[in-house]
Amino acid sequence: MTLRTRFAPSPTGFLHVGGARTALFCYLEARHSGGTFVLRIEDTDRERSTEASVQAILDGMQWLGLDWDEGPIYQTQRFDRYAEVIEEMLADGRAYHCYCSRERLDKLREDAMAAGLKPRYDGHCRDLKEAPEGIAPVVRFRNPDEGEVSFDDRVRGTISISNAELDDLVIARPDGTPTYNFTVVVDDMDMNISDVIRGDDHINNTPRQINIYRALGAEPPRFAHVPMILGDDGARLSKRHGAVGVMQYRDDGYLPEALLNYLVRLGWSHGDQEVFSLAEMVELFRIDDVNRKASAFNTSKLDWLNEHYMKSLPPERVAQELAWHFKDQGINAAEGPALEDLVAVQADRVSTLKQMAEQSRVFYQPLEQFDADAAKKHLRPVAQAPLQALAERLDGLEDWQPEALDGAIRSLAEEMELGMGKIAQPLRVALTGTAVSPSIDKTLWLVGKEQSLQRIGMALAFIAERIAENPA
RNA sequence: GCUCCCUUCGUCUAGCGGUCAGGACGCCGCCCUCUCAAGGCGGAAACACGAGUUCGAUUCUCGUAGGGAGCGCCA
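Asks: Explain the overall build of chain A here, please?
Replies: The helix and strand tally for chain A stands at 19 helices and 12 strands. For chain A, the spread of C-alpha atoms along the three principal axes comes to 110 × 45 × 40 Å. By residue count, 49% of the 472 residues in chain A fall in the buried class. Sequence-distant contacts, at least 24 apart, represent 76% of the contacts inside chain A between residues at least 6 apart. As displayed, chain A offers around 22,700 Å² of accessible surface, 48% of which is attributable to carbon and sulfur atoms. Positive and negative side-chain charges in chain A, numbering 53 and 76 respectively, have mean positions lying 4 Å apart.

Asks: Got a minute to help me understand the packing of aromatic side chains in this structure?
Replies: For any pair of aromatic rings, the description rests on two quantities: the centre-to-centre distance and the angle between the ring planes. In the structure shown here, the tally under the stated rule is 11 aromatic pairs. In textbook terms, an aromatic cluster arises when at least three aromatic residues are bridged by ring pairs, as seen for Phe25, Trp268, Phe276 and Phe285. A cation over an aromatic ring shows up here: Arg140 above the ring of Tyr121, its NZ or CZ 3.6 Å from the ring centre. A cation over a ring is seen here: Arg250 above Trp324, with NZ or CZ 4.0 Å from the ring centre.

Asks: Help me understand the domain arrangement of chain A in this model?
Replies: A common measure of how large an interface is: the accessible area buried when the components associate. Along its sequence, chain A is organised into domain 1 (314–365) and domain 2 (367–469). Each of domain 1 and domain 2 was reduced to a C-alpha centroid, and the two centroids are 23 Å apart. Counting from both sides, the interface comprises nine residues of domain 1 and, opposite them, 12 residues of domain 2. Taking both partners together, domain 1 and domain 2 bury about 820 Å²; carbon and sulfur atoms supply 72% of that area. One can count zero salt bridges joining domain 1 with domain 2. Here the side of domain 1 that touches domain 2 is built from residues that sort into five nonpolar, two polar and two charged.

Asks: Mind showing me how you'd approach the side chain of Thr5 here?
Replies: Residue placement: Thr5 occurs in strand S1 (residues 4–7). According to the relative accessible area criterion, Thr5 is buried, its value standing at 0%. Apart from residues no more than four positions distant in its own chain, Thr5 is found in contact with Cys26, Glu29, Ala30, Thr36, Phe37, Val38, Ile193, Asp195 and Ile197.

Asks: I would appreciate a short explanation of the nonpolar core in the present structure.
Replies: Nonpolar side chains in soluble globular proteins generally cluster together in the buried interior. Core analysis: the largest hydrophobic core is formed by 99 residues, its most contacted members being Met61 and Phe297. With nine residues, the top contributor of residues to this core is helix H1 (residues 17–32). Two domains each provide a minimum of three residues to this core, namely domain 1 (314–365) and domain 2 (367–469). The residues contacting Phe297, other than those within four sequence positions of it, are Val17, Ile229, Leu230, Gly231, Asp232, Tyr249, Leu259, Tyr262, Leu263, Leu266 and Leu302. Membership of the second largest hydrophobic core comes to 29 residues, among which are Phe79, Tyr82, Ile86 and Ala172.

Asks: Explain the pairing of strand S9 (residues 195–199) to me, please; I cannot follow it from the model alone.
Replies: Looking down a regular strand, the side chains alternate between one sheet face and the other. With respect to burial, S9 is a largely interior element, four of its five residues being buried. Direction of pairing for S9 relative to strand S10 (residues 222–226): parallel, over a ladder of five bridges. Bridging across to S10, Asp195 finds its partner in Arg222. Crossover connection from S9 via helix H6 (residues 206–215) to parallel S10: handedness right-handed.

Asks: Whenever I open this one, the sheet that holds strand S4 (residues 95–98) confuses me. Can you help?
Replies: Sheet strands pair by backbone hydrogen bonding; their relative direction is either parallel or antiparallel. The three strands are arranged S4-S5-S8 in an open sheet whose pairing can be described as antiparallel. Edge positions in the sheet fall to S4 and strand S8 (170–172), since each has one partner strand and no second. When the angles between neighbouring strand axes are averaged without regard to direction, this sheet yields 45°. Sheet topology places strand S5 (residues 138–141) next to S8; two bridges connect them, and they run antiparallel. Opposite Arg140, over in S8, you have Val170 as the bridge partner. Against the sheet, helix H3 (residues 79–91) contacts S4, S5 and S8, and its axis sits at roughly 90° relative to S4.

Asks: What exactly am I supposed to notice about the pattern of salt bridges here?
Replies: Should their charged atoms come close, side chains of opposite charge can pair. With the rule as written, the count across this model stands at 34 salt bridges. For Asp195, the salt bridge goes to Arg222, with nearest N and O atoms at 2.9 Å. Placement of the pair is Asp195 in strand S9 and Arg222 in strand S10, with a sequence separation of 27 residues.

Asks: Help me understand helix H5 (residues 180–190), please; the structure alone is not making it clear to me.
Replies: Owing to its 3.6 residues per turn, the α-helix brings residues three or four apart onto one side. For H5, a buried count of eight out of 11 residues is recorded, marking the element as mostly surrounded by other parts of the structure. Within the sequence span of H5, burial applies to Asn181, Phe182, Thr183, Val184, Val185, Val186, Asp187 and Asp188. The inward-facing, buried residues of H5 abut S1, strand S2 (36–41), H3, S8, S9 and H6. Of the residues flanking the end of H5, it is Asn192, one or two places downstream, whose phi is positive at about 55°.

Asks: Even after reading the chapter, I still don't get the confidence of the model for chain A, so can you show me in this structure?
Replies: As a note on interpretation, predicted positions should not be read in detail where pLDDT is low. Scored by pLDDT, chain A comes out at a mean of 91, with 98% of its residues at no less than 70. For this predicted complex, the interface confidence reaches an ipTM of 0.94, while the overall pTM sits at 0.93.

Asks: Before we go on, may I ask you to explain the environment of Lys118 in this structure?
Replies: Within the secondary structure layout, Lys118 lies in the loop between helix H4 (102–114) and S5. Measuring from C-alpha to C-alpha, the distance between Lys118 and Lys311 comes to 55 Å, with 193 residues separating the pair along the chain.

Asks: It is not clear to me how the protein's contact with RNA strand B should be interpreted in this structure. Could you clarify?
Replies: Near RNA strand B you find 60 residues, and of these Arg156, Arg173, Gly267, Lys293 and Arg349 are the closest. Within 4 Å of the protein, the contacting atoms of RNA strand B are drawn from sugar and phosphate to the extent of 69%. In this structure, Arg48 approaches RNA strand B through a side-chain N or O atom, which is 3.1 Å from a sugar or linking oxygen. Here Gly267 contributes a backbone N or O atom positioned 2.3 Å from a phosphate oxygen of RNA strand B.

Parameters and conventions
- Residues numbered from 1 in each chain as written.
- Chains lettered and ligands numbered in written order.
- Predicted model: local features only at pLDDT ≥ 70, side-chain atom pairs only at ≥ 80, totals over all residues.
- Heavy atoms only, no water.
- Helix = DSSP H or I, 4+ residues; strand = E, 2+ residues; numbered from the N terminus.
- Buried < 20%, exposed > 50% of the residue type's maximum accessible area, 1.4 Å probe, protein only.
- Contact = heavy atoms within 4.5 Å.
- Areas by Shrake-Rupley, 256 points an atom, 1.4 Å probe, with all protein chains shown as cover.
- Lys, Arg positive; Asp, Glu negative; His and termini not counted.
- Charge placed at Lys NZ, Arg CZ, Asp CG, Glu CD.
- Phe/Tyr/Trp six-rings, centres within 6.5 Å; stacked < 30°, edge-to-face > 60°.
- Lys NZ or Arg CZ within 6 Å of the ring centre and 35° of its normal.
- Domains from an automatic or database assignment.
- Buried area = accessible area lost by both parts, 1.4 Å probe.
- Salt bridge = Lys/Arg side-chain N within 4 Å of Asp/Glu carboxyl O.
- Nonpolar A, V, L, I, M, F, W, Y, C, P; charged D, E, K, R; others polar.
- Core = buried A, V, L, I, M, F, W, Y, C linked by side-chain atoms within 4.5 Å.
- Pairing = 2+ DSSP bridges.
- Right-handed = clockwise from strand over helix to strand, strands pointing away.
- Axes fitted to C-alpha atoms, helices over the stretch in contact; angles between N-to-C directions.
- pLDDT = per-residue confidence, 0-100.
- Near = heavy atom within 4 Å.
- Polar contact = N/O pair within 3.5 Å; in protein donor to acceptor, adjacent residues only side chain to side chain.

Laid out in structure tokens, this is it:
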């Protein structure tokens, strides 16, 4: 039998990093063995499910490149099937109608807690002779009273719980809509899911789900419960940790390659290897090797991976993602150097694509003015002669490439018996308005000949004005 | 309260009875250098605690402490 996994989010928000990692694990486990990866949308809670959330989840999956083979399958479109199964169970007593009021249930729970017991439904309606009038009943699954449920979790090992701890859970509401613990079982059974990989907040649900499988005469799948992801501070991930939605990472300037790599290493490892391409993940990842403990999300390590991928991925690939940020920041990429060239220069100077776009404005838009501090420090009278000489030399330079530009500046520095810094810094301020930029030859190259000469002219004018105001 | 689960540097992790407890991020120092980075080299930094088992425990067992999850007509 071929391996089949599924990712089954409920559309009540965006795709967060925990969900993304679960999806990645499901995807890898399926791809590793040539199996099938199914996407299912668990939208039975009509109050909280939204169309926008469905789209947000799909967008996140697509951006990460986690393509699925079947689906998306919507549970709301399978209500007939659930109703059919419930009828069958009702018919032979595997399930029964319960007319208990909320009040009675609440009291039951309070009393149990007060007595130091685990709250459980007491089976009051299990064998009712006749149905009370005028009450729309819920349907409860008749859980076994005896024995225990045990399963071998692929990450947690053997987990057992006594049936005495479990109670008869509600599988359908008064209006007939089914509930989660029931629909997952029917779906995973119908879709022949062989491996259920999900968050460990479901561990406690698993035994009761196994009981439903058995009641339905189906063999339960294998389970793998992956630990949750914590925020940087070790506390549960929440809004206040900033970027928790996958698409927020796109907006913040991360490459999907980096996020995927970061996520796969959270709770899983392969010796000392830190960098994994998707292909390597598919080859090496095994859900059985995943750790049991929750791990904290560490943004600085994600940054490091992002830097790594910006430097090592083909510039054309990085440029694709960078183009989105140019658009986002209102920079017209057609007004300056090719994005691949920009990436080649800027990749090892920033942590994110967002920063790369921000710090590259100067290569695509006119230079309005010099930064006051930088100009004060570097555009001084002493810089006049070197900049003047440089302007002339560059004007005559045909080959506007880094190597030739570097040669031109170095030879000039030598001739004028000046250190590189004496020329490069004033030039840098002239070209970019600031004291920080890529190496000077690359900066000239990206700014382009025409703009470079114009900006040096601006700087010379600035210095001239300064001299005029402050004659020695 | 009850049930289930977790515990190696600050963080992510390697380890599968005998290791100077390894790697990575971050941090610190040095080198390189036209700025800022990147890069190179080096450094500080961990087995939660207590009992067992054993010639020997980070590793196996049991407790303790701490943490998490669940106990819904939410998924």
